[in-house]
Amino acid sequence: TYADGTTIVRKPAEFAAPGQKGESRRARYRDYLRSQQWQERRLAALKRAKNACSRCGSTERLEVHHPSYDNLGEERARQLVVLCRNCHAKHHGKSP
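Bear in mind that the values here come from a model prediction, so they are computed numbers and not experimental data.

1. Remarks on the overall build of the chain
- If you tally the helices and strands in the chain, you get three helices and two strands.
- Secondary structure elements in the chain, listed N-terminal to C-terminal, are α-α-β-β-α.
- Sorting the 96 residues of the chain into buried and exposed places 35% on the buried side.
- When the accessible area of the chain is evaluated, it comes to approximately 6,100 Å², of which 47% is carbon and sulfur surface.

Take a look at the structure:
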């Protein structure tokens, strides 16, 4: 959880390049989420979204969602979506 109240949702092994084992994929994703590069992209996404969920408009517990992991580390602005925790969970078929 960040000072602004947003949190990171850890993703399973689905994001990494083919041929990588699950644990190394998760570790690579985790390391990326801790990087300065991600922090800057994350904050820019929140700013573009005016610190509100793109689905319900909530300003609480915001997360930045990767609709695709194809360009992980090289995401473009349109590839990041700000969602509140509840909408993010619903998007992934989980209960909030």
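There is more to say, and it comes next.
2. Describing helix α2 (residues 36-48)
- For α2, built from 13 residues, the straight-helix expectation of 18 Å at 1.5 Å per residue is met to within 8% by its first-to-last C-alpha distance of 18 Å.
- Residues of α2 that are buried include every one of Trp38, Gln39, Arg42, Ala45 and Leu46, and no others. Seen end-on, α2 carries its buried residues on one side only, within an arc spanning 130 degrees. Exposed residues on α2 whose side chains face more than 90 degrees from its buried face are Gln36 and Lys47.
- Phi for Lys50, located one or two positions after α2, is positive at around 55 degrees.

3. Remarks on the pairing of strand β1 (residues 62-65)
- Because side chains alternate across β1, one face comprises the buried residues Leu62 and Val64, and the other comprises Glu63 and His65, equally buried.
- With four bridges connecting them, β1 and strand β2 (residues 81-84) associate as antiparallel partners. The residue bridging Val64 from the neighbouring strand is Val82, located in β2.

4. So, the pattern of salt bridges
- Summed over the entire model, instances satisfying the criterion amount to two salt bridges.
- Put simply, Glu75 and Arg41 hold a salt bridge, and the shortest N to O gap is 2.7 Å. In this pair, Glu75 is assigned in the loop between β1 and β2 and Arg41 in helix α2, connecting sequence segments 34 residues apart.
- Residue class for Glu75 comes out buried when judged on its relative accessible area of 8%.

5. Some remarks on the nonpolar core
- Trp38, Cys53, Leu62, Val64 and Val82 are the most contacted members of the largest nonpolar core, which has 16 residues in total.
- Counting residues per element, the ones that place at least two in this core are α1 (22-33), α2, β1 and β2.
- Other than its neighbours up to four places away in sequence, Val64 contacts Trp38, Arg42, Ala45, Leu46, Leu80, Val81 and Val82.

6. Some points on the side chain of Gln39
- Assignment of secondary structure puts Gln39 in helix α2.
- The exposure class of Gln39 is buried, given its relative accessible area of 16%.
- Engagement of the side chain of Gln39 in a polar contact is seen with the backbone oxygen of Leu33, the distance being 2.8 Å.

Reading the values: rules and limits
- Residues numbered from 1 in each chain as written.
- Predicted model: local features only at pLDDT ≥ 70, side-chain atom pairs only at ≥ 80, totals over all residues.
- Heavy atoms only, no water.
- Helix = DSSP H or I, 4+ residues; strand = E, 2+ residues; numbered from the N terminus.
- Buried < 20%, exposed > 50% of the residue type's maximum accessible area, 1.4 Å probe, protein only.
- Areas by Shrake-Rupley, 256 points an atom, 1.4 Å probe, with all protein chains shown as cover.
- Expected span 1.5 Å × (residues − 1).
- Arc of directions from axis to C-beta.
- Pairing = 2+ DSSP bridges.
- Salt bridge = Lys/Arg side-chain N within 4 Å of Asp/Glu carboxyl O.
- Core = buried A, V, L, I, M, F, W, Y, C linked by side-chain atoms within 4.5 Å.
- Contact = heavy atoms within 4.5 Å.
- Polar contact = N/O pair within 3.5 Å; in protein donor to acceptor, adjacent residues only side chain to side chain.

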